[in-house]
Amino acid sequence: MVEVKAKIDLKMYIDGEWKDAENQETRPVVNPANGEVIAYAPEGTVEDARAAIYAARKAFEAGVWSGLSAQERASYLLKIADKIDEYAEELTRLETMDNGKPLREAGFDMGDAAACFRYYAGLITKPDGQTYHVADPMQAMVVREPVGVCGLIVPWNYPLLMSVWKIAPALAAGNTIVFKPSEVTPVTPKKLFEIFEEVGLPKGAANMVMGAGPVVGNEIASHPEVDMVSFTGGTKTGKHIMRTAADTMKKVSLELGGKSPNIIFADADFEVAVDYALFGIFSGSGQVCSAGSRILVEERIYDQFVARFVERAKQIKVGPGNDPATEMGPLVSQQHMEKVLHYIELGKQEGATIACGGNRIVGNGLENGYFVEPTVFVDVKQEMRIVQEEIFGPVVVIQKFKDEEEAVKLANGTVYGLAGGVFSTDGAKALRVIKKLRAGITWINSYHPTYNEAPWGGYKQSGIGRSLGTFGLEEFQEIKQININLQVEPIGWFEN
């Protein structure tokens, strides 16, 4: 790779300084709407990762961040939130250019990111810990402390928001961090670290290393000076990180893949169910870990549902994210587009029927971008790969079920357990079914809304641990038991 002057200046942030890669190599960052290079990112090395890890360790041991009071840390987080609001328009534009998502989606993400920092700023100043009444003369208590140096590795589908979901609670708890953005979408994370510098975050508290997962990410997961690794991304990579982290017994938090069911009963409000089902799979171009990529429809309304769903899917306006009329943007990269198109071909080979879509979009000036039509498969079987495997694109399978028992069986019939939805006007039935789903994030008569206050994570091979809410803060804390002797005198256990 050759270093080239880019439109957007990207550098890593280590120990309070902006740096190029140790070997001066770079990687092109591409706008997925038109294939144009918008920046060149440093291609970080193992040495760069180690420099960031050592800076974070030094800062943690020195207490420049962990030694601050909760109120002091909260004041920094609130300043960061204010700056995100101040730069919201710029961040939104950069996010759309970097990731491809429509401006309105990117704008919502910026608001959520600011709110996340404010949420954890408030949470860390609230009472925590416990005291115990034990036998005299002892007094016992439990306190929460930072884990230490936390390695944070995030995906490309929510470049800024997913970063904040990890960074905000990790910093709130008093940890120092080594952060790796996706090599595909490093633009808005870099802007976030500019904000950290602007508000005066202590040097070494937050460090960012760009580069490839097998190089930088692997070093973060394996290095003995990293106390915890938190990763969001594919299940295959998550398994590798878990194995790697085991050598040093790191604390591990993994938010991985999904193949989430969206169950539509015949008694559901029909148009509401169709509307949310469309939103559940085609928002974010289907590049959402919790996407409702399997729609299970009761047989009495199956044909009617498919007809209406397909009718509306064909009307979705696909285009560049910076076009206000766009409802669904491109896929993030050519490589990922090719993966999604490969799954579509697999579906055909397996015998499923395409009810709509299935092709790359190349007309109307979109030929240089990575656009795929909203795609619907019917006539599918549970064992098909398009039913079992995460595609992570605008591709949905619609299955038929006859009763509650079959709906639950089909819904739970994959290795994943991230999310799920149920649509029914029978409240008791909806709750009965939702409680039987082996999934960590669920909705009734809704799909996709998320909240900083609520835990995010899944069952089975969808991960370990939870983000957001009080649970997300606890992921980045250790629990310490303290026992205090109130009567200081010899115990007399031994006679001599």
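Residues numbered from 1 in each chain as written. Predicted model: local features only at pLDDT ≥ 70, side-chain atom pairs only at ≥ 80, totals over all residues. Heavy atoms only, no water.

A. Seen up close, the overall build of the protein chain. Tallying secondary structure elements over the protein chain gives 15 helices and 23 strands in all. Taken over C-alpha atoms, the radius of gyration comes to 24 Å for the protein chain, in line with the 23 Å a tight globule of 496 residues would show. Considering only C-alpha atoms, the protein chain reaches an extent of 85 × 60 × 40 Å along its principal axes. Within the span of the protein chain, comprising 496 residues, buried residues form 55% of the whole. For the protein chain, contacts bridging at least 24 residues in sequence account for 73% of all contacts bridging at least 6. Here the protein chain displays about 21100 Å² of accessible surface, and carbon together with sulfur accounts for 51% of that area. For the protein chain, the centre of its 50 positive side-chain charges and the centre of its 65 negative side-chain charges are spaced 3 Å apart. (Helix = DSSP H or I, 4+ residues; strand = E, 2+ residues; numbered from the N terminus. Rg over C-alpha atoms; globule rule 2.2 N^0.38 Å. Buried < 20%, exposed > 50% of the residue type's maximum accessible area, 1.4 Å probe, protein only. Contact = heavy atoms within 4.5 Å. Areas by Shrake-Rupley, 256 points an atom, 1.4 Å probe, with all protein chains shown as cover. Lys, Arg positive; Asp, Glu negative; His and termini not counted. Charge placed at Lys NZ, Arg CZ, Asp CG, Glu CD.)

B. The arrangement of the pattern of salt bridges in detail. Evaluation of the coordinates by the stated rule reveals 26 salt bridges. When the shortest N-O distance is used, the salt bridge between Asp 82 and Arg 118 registers 2.9 Å. Here the residue Asp 82 occupies a position in helix 2 (residues 70–86), and Arg 118 occupies one in helix 4 (residues 103–123), the gap between them amounting to 36 residues. On the basis of relative accessibility, which here comes to 45%, the residue Asp 82 falls in the partly exposed class. By relative accessible area, which is 32% here, Arg 118 ends up partly exposed. (Salt bridge = Lys/Arg side-chain N within 4 Å of Asp/Glu carboxyl O.)

C. Up close: the pairing of strand 14 (residues 294–298). Across the five residues that make up strand 14, a large majority, five, are buried. Here strand 14 shows two buried faces, one formed by Arg 294, Leu 296 and Glu 298 and the other by Ile 295 and Val 297. Relative to strand 14, strand 13 (residues 261–264) runs parallel, the two being bridged by four bridges. Bridging from a neighbouring strand, Ile 264 pairs with Val 297 of strand 14. Following the chain from strand 13 across helix 9 (residues 270–282) to the adjacent parallel strand 14, one finds a crossover that is right-handed. Two strands pair when backbone bridges link them, and strand 14 and strand 17 (residues 395–401) are joined in this way by five bridges, in the parallel orientation. (Pairing = 2+ DSSP bridges. Right-handed = clockwise from strand over helix to strand, strands pointing away.)

D. Focus on the state of the cysteines. In the structure shown here, the tally under the stated rule is zero disulfides. With no disulfide of its own, Cys 116 lies 15 Å from the sulfur of Cys 289, the closest cysteine sulfur. Classification of Cys 116 by relative accessible area gives buried; the value is 0%. (Disulfide = S-S within 2.5 Å.)

E. Representation of the packing of aromatic side chains within the structure. A full pass over the atoms with the stated rule returns 15 aromatic pairs. Aromatic pair Tyr 13 and Phe 193: ring centres 6.0 Å apart, planes at 65 degrees, arrangement edge-to-face. With a gap of 180 residues between them, Tyr 13 in strand 2 (residues 12–14) and Phe 193 in helix 6 (residues 187–198) connect regions that are remote in the sequence. Ring centres of Tyr 119 and Tyr 120 lie 4.9 Å apart, and the angle between their planes is 80 degrees; this geometry places the pair in the edge-to-face category. Grouped by ring-pair contacts, the aromatic residues Tyr 13, Trp 18, Phe 117, Phe 179, Phe 193 and Phe 196 constitute a single cluster. We note Lys 79 situated over the ring of Tyr 76; from NZ or CZ to the ring centre the distance is 5.6 Å. Just above the ring of Trp 18 sits the side chain of Lys 190; from NZ or CZ to the centre is 5.0 Å. (Phe/Tyr/Trp six-rings, centres within 6.5 Å; stacked < 30°, edge-to-face > 60°. Lys NZ or Arg CZ within 6 Å of the ring centre and 35° of its normal.)

F. Up close: the sheet that holds strand 4 (residues 26–30). Read from one edge to the other, the open sheet built from three strands follows the order 1-5-4, with strand pairing classed as mixed. This sheet does not close on itself; its edge strands, each paired only once, are strand 1 (8–9) and strand 4. Examined bridge by bridge, strand 1 and strand 5 (residues 37–42) share two bridges and lie parallel to one another. From the neighbouring strand, Asp 9 faces strand 5, where its bridge partner is Tyr 40.

G. Inspection of the packing of helix 3 (residues 88–99) against helix 4 at higher detail. Where helix 3 contacts helix 4, the two axes come as close as 9 Å, and the packing angle between them is 130 degrees. The pairing of helix 3 with helix 4 is recorded here as oblique in orientation. Seen along the crossing, helix 3 lies across helix 4 with a hand that is right-handed. Of helix 4, the residues touching helix 3 (which contributes Ala 88, Leu 91, Thr 92, Arg 93, Glu 95 and Thr 96) are Leu 103, Ala 106, Gly 107, Asp 109 and Met 110. (Axes fitted to C-alpha atoms, helices over the stretch in contact; angles between N-to-C directions. Parallel < 35°, antiparallel > 145°, perpendicular 65-115°, else oblique. Left-handed = near helix turned anticlockwise from the far one by under 90°.)

H. Local environment of the confidence of the model for the protein chain. Residues at a pLDDT of 70 or more form 99% of the protein chain, whose mean pLDDT is 96. Low pLDDT (under 50) marks residues 1–6, which in the prediction has twelve contacts with non-local residues, meaning those over four places away or in another chain. (pLDDT = per-residue confidence, 0-100.)

I. Just the nonpolar core, in detail. Of all hydrophobic cores here, the largest spans 123 residues; its most connected members are Phe 117, Tyr 120, Ile 167, Phe 282, Phe 305, Phe 309 and Ile 398. The residues touching Ile 167, leaving out its near neighbours within four places in the chain, are Phe 117, Leu 152, Ile 177, Phe 179, Leu 192, Phe 193 and Phe 196. Formed by 17 residues, the second largest nonpolar core is a distinct cluster that contains Leu 331, Ile 344, Phe 377 and Val 387. (Core = buried A, V, L, I, M, F, W, Y, C linked by side-chain atoms within 4.5 Å.)

J. Molecular detail of helix 1 (residues 46–62). Between its terminal C-alpha atoms helix 1 stretches 24 Å, which fits the 24 Å expected from 17 residues at 1.5 Å a residue. Packed against the buried residues of helix 1 are strand 2, strand 7 (138–146), strand 8 (149–153), strand 9 (176–180), strand 10 (206–208) and helix 7 (213–222). (Expected span 1.5 Å × (residues − 1).)

K. Quick peek at the sheet that holds strand 13. Spatially, 15-16-17-14-13-19-20 is the arrangement adopted by the seven strands of the open sheet, whose pairing is mixed. Among the strands making up the open sheet, the edge pair consists of strand 15 (353–356) and strand 20 (441–444). Strand-to-strand, the axes of this sheet are offset by a mean angle of 20 degrees, without reference to chain direction. Contacts from helix 10 (residues 302–313) reach strand 13, strand 14, strand 15, strand 16 (375–378) and strand 17, with the element oriented near 165 degrees to strand 17. Against the sheet, helix 11 (residues 334–350) makes contact with strand 15, strand 16 and strand 17, and its axis sits at roughly 25 degrees relative to strand 16, the strand it touches most.

L. How the structure looks around helix 4. Over its 21 residues, helix 4 extends 30 Å from the first C-alpha to the last, a length consistent with the 30 Å expected when each residue adds 1.5 Å. Along helix 4, the residues classified as buried are Glu 105, Ala 106, Asp 109, Met 110, Ala 113, Ala 114, Cys 116, Phe 117, Tyr 119, Tyr 120, Ala 121 and Leu 123. Buried residues belonging to helix 4 abut helix 2, helix 3, helix 5 (161–172), helix 6 and helix 15 (469–475).

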